[in-house]
Amino acid sequence: MSPQKSVNVDSAEKLICTSRFGTFFGVPQQIFDRVWQALSRPDSRPVAYVSMEIGADPDIFHPVQDFLKDQACTKSENPACLRLLEKYLRGPRKIPNYSGGLGVLAGDTLKSFADLHIPVFAVSLLYREGYFSQLVDSRVGQIDQATQWNPENTPTLFRLEDPEQPGQPLELTVPFFNEYDHPTEAKAHVWMKMEISEELDYFVPEFLLDYSIPSSPPWVREAGLRLYNAKSAIMKANQRRMLGSCILPLTERLGLTPHTIHLNEQHGVTVTLHLILRQIEKTLGPDCRNRMNDKDILAAADEAAKHIVYTIHTPVKAGHDRFARSLYTGISHATGCRILDLLANDSESPHEYNFTAFAMRVNRAVNSVSRLHRDVTRKQFPEFAGKIRAVTNGVHHLTWISEARARVFDRTDELLGWRDDPGIFGEARIEDDPGFLSRLKQAWEADNRILVSYVNRMLAEHRTLADETWIDPPNYLSHLRQGEESLLSPGTFTVGFARRFSTYKRADLIFEDIPALADILLQNNWRINFLFAGKAHPQDEPGKSVLKLILDNQEELYTRSKGLARLVFIPGYDMRIARMMVSGVHTWLNSPKRPLEASGTSGMKAAMNGVPNLSVMDGWWVEGYHEGQTGWKFGYEGPLTADSLSEAPETLLYAEDSRSFYELLPKVLELFYSRPDEYLQVAVNNLKLNVPIFNTHRMAAEYVRKYEMQLEPETEARVLGFARLYKSDSCDWIDPQAQQV
């Protein structure tokens, strides 16, 4: 629970706000009006942040609910307010419109924009069936099920109303064309999620388009039901078009005036196609399609590029959308295909349009998500190498720091103001403070007990469900007789691993040689828990196979180690489970094939709690390792070659990197069990060295430099302060005050 809010509000009624698009809840009316005006004024140069997925479940960051509980606001004589209180205090807390890291990063970024008072709004889709719900069976592996949720009852979500028809949903018309150049209209309702700052003094609206309504064509409704619906190539292409094509109609309908459109990955890049078409029409007139030539298209693309900032998130080819030219000819008009012929051509695959290449070509700024990823991206796209910069990812510290750790930080004088400024950790002299060290240790132990208790309850529930359903419990421990041998114990060294299951992430790497791993433990009588979680994409059969291997390795590991090692898979991974894991484990494992992990953010979340990382030198960890002060490294670190970017099984370096892990593990376990005070210092080093860098306040400040915004002086000063914490790419900008000196 956060400290008292600074906003001047003494009742829940004062958090009700209205506009011509409906009634909302969470900030005072004057705050709502100020934010909306900033997003509507061209001179403030607001930003539209476009992401296929946004992860911001209100069950782990909930400033409005905190305020209501702090103020004991549980009743109201106003019926409308009472309904809102019911929704915020007792409503469902999940918005399952994210699959993993990309969406959660988007949510964290928008939270920091709200905390920093940056005039930004987001655009995404609302998926009535979410991503998917995960069941796990020990014999079958992952089982995919449609997610059932109700946005109407979910706090922070509001369906916009039509100003011309009060009480009726706002219905947006999004134009599409077919191969005959005939227009087809898609319809969507517009939902707004309010991403509210911790102080309730600002918010970022996230506009989520719900295409699954009766007035939309059946193919549109189906494509909009589920995130990353890849039932067919045409459905995948249509879902991308539904994101990119709605942006301009949406902003015009709401009266918003974005100066910059930030593409969080290339999924929404068709907005660029629409910008180019509009510029051509502006230049050549209404019959432009018959008059334009290649030179006109390129000139229009240069104009459109002035409004686009593009962030690329992966070097993995599967993450770069390619669609057959023949497919796009059937779902787009001839003019659009002509533009794509010029700007989305793929030299490696001439029969396909490459939408990553399209996004790379048409922008005023493009960035990777770590320094190493910048270097890799420059090799992948050499023609754009000169403009590719790095903005290393971060995480929203207020979301991911556990309540127990937060209480310790709140009560530490050296950390006064840490909630507003995570940079304070870098200057705080906490490493020699016995009281702080004792409180941090106790908080870590408390978080570990919470995690272990959750896992033990889960194992018991699975054991019971085995008698009641057809599901075979996913964990070997649930098959054992209930007792000490089937439980985890608090204080046992616990390794956490949670992320999307994909072959290059090598979740099963450390179990490559189970006899060798068991011998390490038996020789020293070391106990260890391995906790794994994550989902494989429903169409990623190799990724599902890796998940199944985790299940299949459990019994052998337990038996060979004589019960010293216990491997558990936690189904249904979401943000709540993630926070419990990153704060409750003793080290965070990351074992991708280098350099295919562009950034990775789960390890940053662990670092926010002081938890050391045990990782391959890939993504963010190259910058967060600090010569071994904050954790440990293992695996290949050699030069990047053509094989480095391959996911072929023979190039994944299982034997080499697993041996490196087995050489390192005894050193980590010896430090934890024999020299706990030194282990605690590694945790403190994380707080001092990594919290100031790998937070989204700093990352947001770096993006603001690219946005060319006009900010209020106080906001500008705060942004500059966060930008000084770390420069992901030293060539990217110059400190204006340093320039004056």
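Preceding this paragraph is the structure being described.
Participant: How do you make sense of the nonpolar core when you look at a structure like this?
Facilitator: Within soluble globular proteins, side chains that are nonpolar generally end up buried alongside one another. In this structure, F436, V455, F511, F530, F532 and M581 are the most contacted members of the largest nonpolar core, which totals 109 residues. Sorting elements by how many residues they give to this core places helix α18 (residues 434-465) first, with eleven residues. Counting 103 residues, the second largest nonpolar core, distinct from the first, contains C17, F158, F203 and I331.

Participant: Mind showing me how you'd approach the side chain of T154 here?
Facilitator: Locating T154 in the fold gives a position in the loop between β6 (141-145) and β7 (157-159). Judged by its relative accessible area of 1%, T154 is buried. In this view, T154 contacts K87, P92, K94, I95 and W149; residues no more than four positions away in its chain are not counted.

Participant: Could you clarify how one ought to interpret the packing of helix α2 (residues 63-70) against helix α3 (residues 79-90) in this entry?
Facilitator: The angle between the axes and the distance between the axes are what describe a pair of packed helices. Across the interface, α2 lies against α3 with an axial gap of 9 Å and an inter-helix angle of 110 degrees. One way to sum up the angle between α2 and α3 is to call them roughly perpendicular. For the pair α2 and α3, the contacting residues are V64, Q65, L68 and K69 in the first and L85, Y88 and L89 in the second. The residue inventory of the contact of α2 with α3, partitioned by class, reads five nonpolar, one polar and one charged.

Participant: What exactly am I supposed to notice about the packing of helix α4 (residues 101-116) against helix α27 (residues 696-707) here?
Facilitator: Axis separation between α4 and α27 bottoms out at 9 Å; the angle between their running directions is 80 degrees. If you check the angle between α4 and α27, you find them roughly perpendicular. Facing α4, whose interface residues are L105, D108, T109, S112, F113, D115 and L116, α27 presents T696, H697, M699, A700, V704 and Y707. For the contact of α4 with α27, a count of residues per class yields seven nonpolar, four polar and two charged.

Participant: What should I look at first to understand the pattern of salt bridges in this one?
Facilitator: Any two side chains of opposite charge can pair, on the condition that their charged atoms come close. On inspection of all chains with the given rule, the structure shows 46 salt bridges. When the shortest N-O distance is used, the salt bridge between R419 and E198 registers 2.9 Å. In this pair, R419 sits in the loop between α16 (403-410) and α17 (424-427) while E198 sits in the loop between β11 (183-196) and β12 (203-210), placing the two residues 221 residues apart along the sequence. The exposure class assigned to E198 is buried, which follows from its relative accessible area of 6%. One salt bridge connects E623 with R371, and the closest N-O pair in it is separated by 3.8 Å.

Participant: What's the story with the environment of R724 in this structure? I'm lost.
Facilitator: Along the chain, R724 falls in the loop between α28 (713-723) and α29 (736-740). Residues R724 and K441, spaced 283 residues apart in sequence, show a C-alpha to C-alpha distance of 31 Å.

Participant: What's the story with unusual backbone geometry in this structure? I'm lost.
Facilitator: The general pattern is negative phi for most residues beyond glycine and trans for most peptide bonds. Residue R594 is joined to P595 through a cis peptide bond whose omega torsion reads 10 degrees. With respect to the helices, strands and loops of the structure, P595 is situated in the loop between β22 (587-590) and α23 (602-608). At Y228, a residue that is not glycine, the phi angle is positive and equals roughly 55 degrees. Relative to the helices and strands, Y228 is located in the loop between α5 (218-223) and α6 (233-244).

Participant: Can you walk me through the sheet that holds β22 in this structure?
Facilitator: Strand pairing in a sheet is mediated by backbone hydrogen bonds. Such pairs are either parallel or antiparallel. Across the sheet, six strands lie side by side as β21-β20-β19-β22-β23-β24; this open sheet has parallel pairing. With one partner strand each, in any of the chains shown, β21 (565-570) and β24 (631-634) form the two edges of the open sheet. In this sheet, neighbouring strand axes are inclined to one another by 20 degrees on average, regardless of whether the strands run parallel or antiparallel.

Participant: It is not clear to me how the pairing of strand β4 (residues 120-125) should be interpreted in this structure. Could you clarify?
Facilitator: Put simply, side chains in a regular strand alternate between the two faces of the sheet. With six of six residues buried, β4 is to be regarded as a mostly interior element. Side chains of β4 alternate between two faces, with V120, A122 and S124 and F121, V123 and L125 buried alike. Bridging between strand β3 (residues 47-50) and β4 involves four bridges; their strand directions are parallel. Of the residues in β4, the one forming a bridge with A48 is F121. Judged from the four bridges that link them, β4 and β12 form a sheet pairing that is parallel. Of the residues in β12, the one forming a bridge with S124 is L208.

About the thresholds
- Residues numbered from 1 in each chain as written.
- Predicted model: local features only at pLDDT ≥ 70, side-chain atom pairs only at ≥ 80, totals over all residues.
- Heavy atoms only, no water.
- Core = buried A, V, L, I, M, F, W, Y, C linked by side-chain atoms within 4.5 Å.
- Buried < 20%, exposed > 50% of the residue type's maximum accessible area, 1.4 Å probe, protein only.
- Helix = DSSP H or I, 4+ residues; strand = E, 2+ residues; numbered from the N terminus.
- Contact = heavy atoms within 4.5 Å.
- Axes fitted to C-alpha atoms, helices over the stretch in contact; angles between N-to-C directions.
- Parallel < 35°, antiparallel > 145°, perpendicular 65-115°, else oblique.
- Nonpolar A, V, L, I, M, F, W, Y, C, P; charged D, E, K, R; others polar.
- Salt bridge = Lys/Arg side-chain N within 4 Å of Asp/Glu carboxyl O.
- Pairing = 2+ DSSP bridges.

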